[in-house]
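Chain and residue survey
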Amino acid sequence: MSAAVVERKSLADQSTRASRRAIAVWAGTCAIGVAILSLIVIAPVAQAYGHPAIASSIYKAFSFVCHQISERSFHLDGHQFAVCSRCTGLYAGFAVAALIYPLARSLQRTDTPSRLWLMLATLPLVIDFALGYFSIWENTHLSRFLTGALLSSVAVFYIMPGLIDLSSAIVHRFSRGPARETL
C-alpha cells in the first residue's frame, strides 16, 4: 500500500471516530436534558400518587437551583412542578433544542453563532422579568415559560459545539500517552 492510501485511511478512521464521539456527546446531552425535564414532572406525579419520599427528594434537589414559589409554578394534579414556570421553560427548551440540534446543524461543526443571537434571546426574558419586577405588567406562567425556553434553546447552539470540542480535546490529550519529563 502506498503512503497516500494509508494516510487517507487514517484520516477516514479519525473522522469516523470524531463523528461517533460527537454523536455520543449529543446523545448524552439529550439524555441528561430529558432526564432533568422528566424529574420536574415526576415530582408532582409522585406526590399525587402517594410517594412523598421520592417527591421530597426531587423537590429538595431542585431547591438549590430554583426558588420554587408555588404561585409561579405549573401544577399537575394539585401539586406544583419541581421548579417554577421559567425554569421549566429553560429545561424544556434545552431538552427539545438538544434533541433537534442535528437537524439544524451538523454535529461536526464546533464553531458557534455570533454572540448577538444569545443576547437577543436573553432580551425577552429580561424584559418579562423587569416588567413584572417593577409592577408595570404582570407576567404569566406562559410568558415565563416561553422566555425561558427561548433562551435555553438558543443556548444549545453554543453549548453543544463546546461540549463536542471539549470531548475532542480530552480524547486528544489522553491519546498522546503520558508526558515525558525532560531534565
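For the structure given in this document, a descriptive report is provided here. Model, not experiment: these values are computed from the prediction. Residue positions are counted from 1 within each chain, in the order its sequence is given. Whole-chain, interface and lining totals are the exception, using all residues; otherwise, since this is a predicted model, local features are given only for residues with pLDDT of at least 70 and side-chain atom pairs are given and counted only at 80 or more. The side-chain quantities take in all heavy atoms of the structure and omit both hydrogens and water.

A few points about helix H2 (residues 52–62)
Quick reminder of the rule: A 1.4 Å probe rolled over the protein chains alone gives each residue an accessible area, and that area as a share of the maximum for its type sets the label: buried under 20%, exposed over 50%, partly exposed in between. Helix and strand definitions here come from DSSP, where helices need a minimum of 4 consecutive H or I residues and strands a minimum of 2 consecutive E residues; each element is numbered from the N-terminal end. Note: the arc covers the axis-to-C-beta directions of the helix.
All buried positions along H2 are accounted for by Ala55, Ile58, Tyr59 and Phe62. End-on view of H2: buried residues confined to an arc of 100 degrees, all on one side of the axis. Residues Ala53 and Lys60 are exposed on H2 and point more than 90 degrees away from its buried face.

Details of helix H5 (residues 141–175)
As a reminder of what qualifies: One less than the residue count of a helix, multiplied by 1.5 Å, gives the span that helix is expected to have. Values of bend correspond, residue by residue, to the angle between axes fitted over the seven residues ending at that residue and the seven starting there.
An ideal rise of 1.5 Å per residue puts 51 Å on 35 residues; H5 measures up with 49 Å between its terminal C-alpha atoms. The largest bend along H5 measures about 30 degrees and falls at Val156.

Side note on the packing of helix H4 (residues 115–133) against H5
When two helices pack together, their arrangement is given by the angle between the helix axes and the distance between those axes. Selection criterion: Between the N-to-C directions of two axes lies an angle of 0 to 180 degrees, each axis being a line fitted to C-alpha atoms and, for a helix, fitted only over the stretch in contact. Here roughly perpendicular refers to angles of 65 to 115 degrees, roughly parallel to angles under 35, roughly antiparallel to angles over 145, and oblique to all remaining angles. Here is the rule for handedness: rotate from the far helix to the near one, and if that takes an anticlockwise turn smaller than a right angle the crossing is left-handed, while a clockwise turn gives right-handed. The criterion used for residue contact is that any of the two residues' heavy atoms lie within 4.5 Å. Charged means Asp, Glu, Lys or Arg here, nonpolar means Ala, Val, Leu, Ile, Met, Phe, Trp, Tyr, Cys or Pro, and polar covers whatever is left, Gly included.
Packing of H4 against H5 brings their axes to within 9 Å, and their N-to-C directions diverge by 165 degrees. Classed by the angle they form, the pair H4 and H5 counts as roughly antiparallel. Crossing of H4 against H5: the hand is left-handed. Only Ser143, Arg144, Thr147, Gly148, Leu150, Leu151, Val154, Ala155 and Tyr158 of H5 make contact with H4, whose side of the interface consists of Arg115, Trp117, Leu118, Ala121, Thr122, Pro124, Leu125 and Asp128. Of the residues belonging to the contact of H4 with H5, the class tally is ten nonpolar, four polar and three charged.

Geometry only, nothing functional implied.
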